[in-house]
Amino acid sequence: MNTAGIVLAGGKSSRFGGEKSLAKIGGKAMVARSVDALAGTDAIVVVARPELAEKIPRNRPIAVICDLPRYRGKGPLAGIYSAMMAVDARWYAVLPCDTPWIGKRTVARLLQERDPAYDAIVARTEGRIQPLVAVFHNSVKEKIREQLETDRLSMRALFARCRLKCIDFAQEMVFANINTKEDYILQQKEAGDVDEKTNQSGGGHPQSDGPSAYRRKGACADSD
Ligand SMILES: Nc1nc2c(ncn2[C@@H]2O[C@H](COP(=O)(O)OP(=O)(O)OP(=O)(O)O)[C@@H](O)[C@H]2O)c(=O)[nH]1
């Protein structure tokens, strides 16, 4: 197949204290929001921890797998590699499970930039790379394997070995990620899930409206 989508949901969520991929924003589990953002790809793989695999919402046809036992505990590269081994594609679009505002537009933009002269295409906002919002050519699989075998586990180390194309995005807020409960409460408020005065749960805001920070700025969030 030409393109596969990978959602990384195999982290420890230790800063969050609970399983962040299943936490809801706008009435939908964050992992399902990432799956939706990848709906333009030919197949979607969610890479989750074994104890979580059954709980991943099947809101679309997806494959749910776990990190290969050999690389368990080695972080996002283990998840990307395990998905690449599970599904054969020419290009892989990768998203984390904790960026609720990334939608199809961001993914489409990155996929649009596929180019035989590059093997990795990564999002950048205000000069900073967003390492887990990227598209990889399947030739990168072997580089990841080499790194996993030698415990070079950072995404930066991988990018340093890739012909890298950085794509600038103006709306940094779209890339906001959730690490802690405080981050979560903030983004729930942005989604209209929580009444800001009473701190009570609201009805859940339609995903298409995006963070209210965008609505205030009159800009458009990338979630549809
Ligand atoms: N498949 C897989 N995904 C991972 C792994 N480690 C992190 N991720 C995912 O990568 C993204 C970013 O993870 P982090 O928030 O940096 O790490 P985390 O382990 O989830 O959370 P903390 O324990 O709070 O650091 C999230 O989507 C994680 O689910 C891993 O070992 N395997």
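Residues numbered from 1 in each chain as written. Predicted model: local features only at pLDDT ≥ 70, side-chain atom pairs only at ≥ 80, totals over all residues. Heavy atoms only, no water.

Looking at an unreviewed UniProt entry, the chain carries the name Probable molybdenum cofactor guanylyltransferase, with the source organism given as Heyndrickxia coagulans. The UniProt entry for the chain carries the following comment under Function (unreviewed entry): "Transfers a GMP moiety from GTP to Mo-molybdopterin (Mo-MPT) cofactor (Moco or molybdenum cofactor) to form Mo-molybdopterin guanine dinucleotide (Mo-MGD) cofactor." One UniProt comment on the chain, placed under Catalytic activity (unreviewed entry), says "Mo-molybdopterin + GTP + H(+) = Mo-molybdopterin guanine dinucleotide + diphosphate". (UniProt positions renumbered as here; feature names shortened; annotations may be inferred.)

**Student:** Would you mind going over the packing of aromatic side chains with me for this structure?
**Tutor:** Geometry of an aromatic ring pair is reported as the spacing of the ring centres plus the angle between the planes. For the structure on display, the rule yields four aromatic pairs. With 5.5 Å between their ring centres and 70° between their planes, phenylalanine 16 and tyrosine 184 make a pair best called edge-to-face. Here phenylalanine 16 is found in the loop between strand E1 (3-9) and strand E2 (24-25), whereas its partner tyrosine 184 is found in helix H6 (residues 181-191), with 168 residues between them in sequence. Both residues of the pair, phenylalanine 16 and tyrosine 184, belong to the buried class. A centroid spacing of 6.1 Å and a plane angle of 10° characterise the contact between phenylalanine 136 and phenylalanine 159, whose relative ring orientation is stacked. Here the residue phenylalanine 136 occupies a position in strand E8 (residues 128-137), and phenylalanine 159 occupies one in helix H5 (residues 155-160), the gap between them amounting to 23 residues. A cation over a ring is seen here: arginine 33 above tryptophan 101, with NZ or CZ 4.9 Å from the ring centre. Against the face of phenylalanine 16 rests lysine 181, its NZ or CZ located 4.7 Å from the ring centre. (Phe/Tyr/Trp six-rings, centres within 6.5 Å; stacked < 30°, edge-to-face > 60°. Helix = DSSP H or I, 4+ residues; strand = E, 2+ residues; numbered from the N terminus. Buried < 20%, exposed > 50% of the residue type's maximum accessible area, 1.4 Å probe, protein only. Lys NZ or Arg CZ within 6 Å of the ring centre and 35° of its normal.)

**Student:** How do you make sense of the site of the ligand when you look at a structure like this?
**Tutor:** Looking at the ligand, there are 19 residues lining it, with Leu8, Lys12, Ser14, Lys20 and Asp67 nearest. Measuring from an oxygen atom of the ligand, one finds a backbone N or O atom of glycine 11 at 3.1 Å. Here an oxygen atom of the ligand and a side-chain polar atom of arginine 15 are 2.8 Å apart. When the ligand sits alone it has 610 Å² of accessible area, and the protein chains cover 85% of it. The pocket occupied by the ligand, as judged from atoms lying within 2 Å of grid points, is the largest pocket. At the level of elements, E1 and helix H2 (76-86) are the ones that each hand at least two residues to the shell around the ligand. Here the shell around the ligand is built from residues that sort into seven nonpolar, seven polar and five charged. (Near = heavy atom within 4 Å. Polar contact = N/O pair within 3.5 Å; in protein donor to acceptor, adjacent residues only side chain to side chain. Areas by Shrake-Rupley, 256 points an atom, 1.4 Å probe, with all protein chains shown as cover. 1 Å grid on protein atoms, 1.4 Å probe; cavity = no way out; pocket = protein on both sides within 12 Å on 5 of 7 lines; lining within 4 Å. Sits in = over half its atoms within 2 Å of the grid points. Nonpolar A, V, L, I, M, F, W, Y, C, P; charged D, E, K, R; others polar.)

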